[in-house]
Amino acid sequence: MKRSVNNRGDGNQFDRSSFIYDAARDQFTCPAGRILNRKGPLNRSGYTYVSQDCTDCGLKPKCTQSERRWVSRHQHEDALERMAERVAASPDLMRLRRCAAEHPFGTIMRMMTGRFLTRGIKGTSTEMALSVIAFNLMRCLNLKARPV
């Protein structure tokens with residue numbers, strides 16, 4: 001899964017994967033060796049890192065069009081990276097997960113006719129909870145009815 005996207009300029013500028021993250025110091029290092037420190041608290045997209053000043057940098061045309069370079073990092077980026085490594089190491093895990101997780105979800109959606117009948121978070125969460133309970137009861141009855 002590629003989490004760094006280069007959608008600035010002509011597409012030839014450095015994307016986030018060109019920057020090296022140092023977890024011990026909680027900072028990024030750019031390809032030119034400059035430090036990007038974390039700016040502000042956690043926001044919607046995670047944490048934001050910014051360089052001090054890039055005006056005199058020789059790699060600035062390949063990096064950014066603005067005065068400084070900004071890089072974002074997801075709050076749980078380390079967990080996402082570990083997950084991507086596990087999936088890359090054994091791709092069969094996703095097939096196994098699909099068999100275990102997608103079947104109940106599909107069955108519940110079929111039981112619900114594909115949409116919620118209530119409006120609002122309270123009503124839909126109650127409706128979903130009832131659907132999960134109904135699925136679990138049906139599953140228990142089916143397992144109990146099987147001969148050993």
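Here the structure is a predicted model, which means the values were calculated and not measured.

**Student:** Report on the sheet that holds strand β2 (residues 27–29), specifying residues and quantitative values.
**Tutor:** What the five strands build is an open sheet, ordered β1-β2-β3-β4-β5; its pairing is antiparallel. Bordering the open sheet on either side are β1 (20–22) and β5 (70–73), each of which pairs with just one other strand. Taken pair by pair, the neighbouring strands of this sheet meet at an average axis angle of 30°, ignoring direction. Here strand β3 (residues 35–43) pairs with strand β4 (residues 46–51) via five bridges, running antiparallel. Looking across to β4, one finds that Arg38 is bridged to Tyr49.

**Student:** Run through the state of the cysteines, naming residues and quoting values.
**Tutor:** Among covalent bonds in proteins, the disulfide is the one between the sulfur atoms of two cysteines. Summed over all chains, the structure comprises zero disulfides. Cys57 takes part in no disulfide bond, and the closest cysteine sulfur, belonging to Cys30, lies 5.6 Å away. Note on Cys63: no disulfide assigned, nearest cysteine sulfur contributed by Cys54 at a separation of 5.9 Å. Judged by its relative accessible area of 10%, Cys63 falls in the buried class.

**Student:** I'd like to hear about the nonpolar core, residue by residue, with values.
**Tutor:** Counting nine residues, the largest nonpolar core is built from Phe14, Phe19, Phe28, Cys30, Leu36, Tyr47, Tyr49, Cys63 and Val71. Contacts of Tyr47, omitting those with residues within four sequence positions, involve Arg38, Pro41, Leu42, Val71, Ser72, Arg73 and Gln75.

**Student:** Any details on the side chain of Thr48? Residues and values, ideally.
**Tutor:** Position of Thr48 among the secondary structure elements: in strand β4. A distance of 3.2 Å separates a polar atom in the side chain of Thr48 from a polar atom in the side chain of Asn43. Setting aside chain neighbours within four positions, we find Thr48 in contact with Asn37, Arg38, Lys39, Asn43, Trp70, Val71 and Ser72.

**Student:** If you had to explain helix α3 (residues 92–111) to someone new, which residues and values would you point to?
**Tutor:** Helix length check: α3, at 20 residues, gives a terminal C-alpha distance of 29 Å against a target of 28 Å (1.5 Å per residue), a fit within 8%. The axis of α3 is deflected most strongly, by about 30°, at Glu102, and proline Pro104 appears within four residues downstream. Just downstream of α3, Thr113 is the residue with a positive phi angle, here 60°.

**Student:** I'd love a proper account of the pattern of salt bridges, names of residues and values included.
**Tutor:** Summed over all chains, the structure comprises five salt bridges. Among the ionic pairs, Arg38 bridges to Asp26, the shortest N-O distance being 3.3 Å. Taken as a pair, Arg38 in strand β3 and Asp26 in the loop between β1 and β2 lie far apart in primary sequence, twelve residues in all. The partner of Asp78 in a salt bridge is Arg82, and the shortest N-O contact between them spans 3.8 Å. Placement of both Asp78 and Arg82 in helix α2 (residues 77–89) is noted, with a separation of four residues, approximately one turn of the helix.

Calculation criteria
Residues numbered from 1 in each chain as written. Predicted model: local features only at pLDDT ≥ 70, side-chain atom pairs only at ≥ 80, totals over all residues. Heavy atoms only, no water. Pairing = 2+ DSSP bridges. Helix = DSSP H or I, 4+ residues; strand = E, 2+ residues; numbered from the N terminus. Axes fitted to C-alpha atoms, helices over the stretch in contact; angles between N-to-C directions. Disulfide = S-S within 2.5 Å. Buried < 20%, exposed > 50% of the residue type's maximum accessible area, 1.4 Å probe, protein only. Core = buried A, V, L, I, M, F, W, Y, C linked by side-chain atoms within 4.5 Å. Contact = heavy atoms within 4.5 Å. Polar contact = N/O pair within 3.5 Å; in protein donor to acceptor, adjacent residues only side chain to side chain. Expected span 1.5 Å × (residues − 1). Bend = angle between axes of the 7 residues up to and from the residue. Salt bridge = Lys/Arg side-chain N within 4 Å of Asp/Glu carboxyl O.

By themselves, these figures tell us nothing about what the structure is for.
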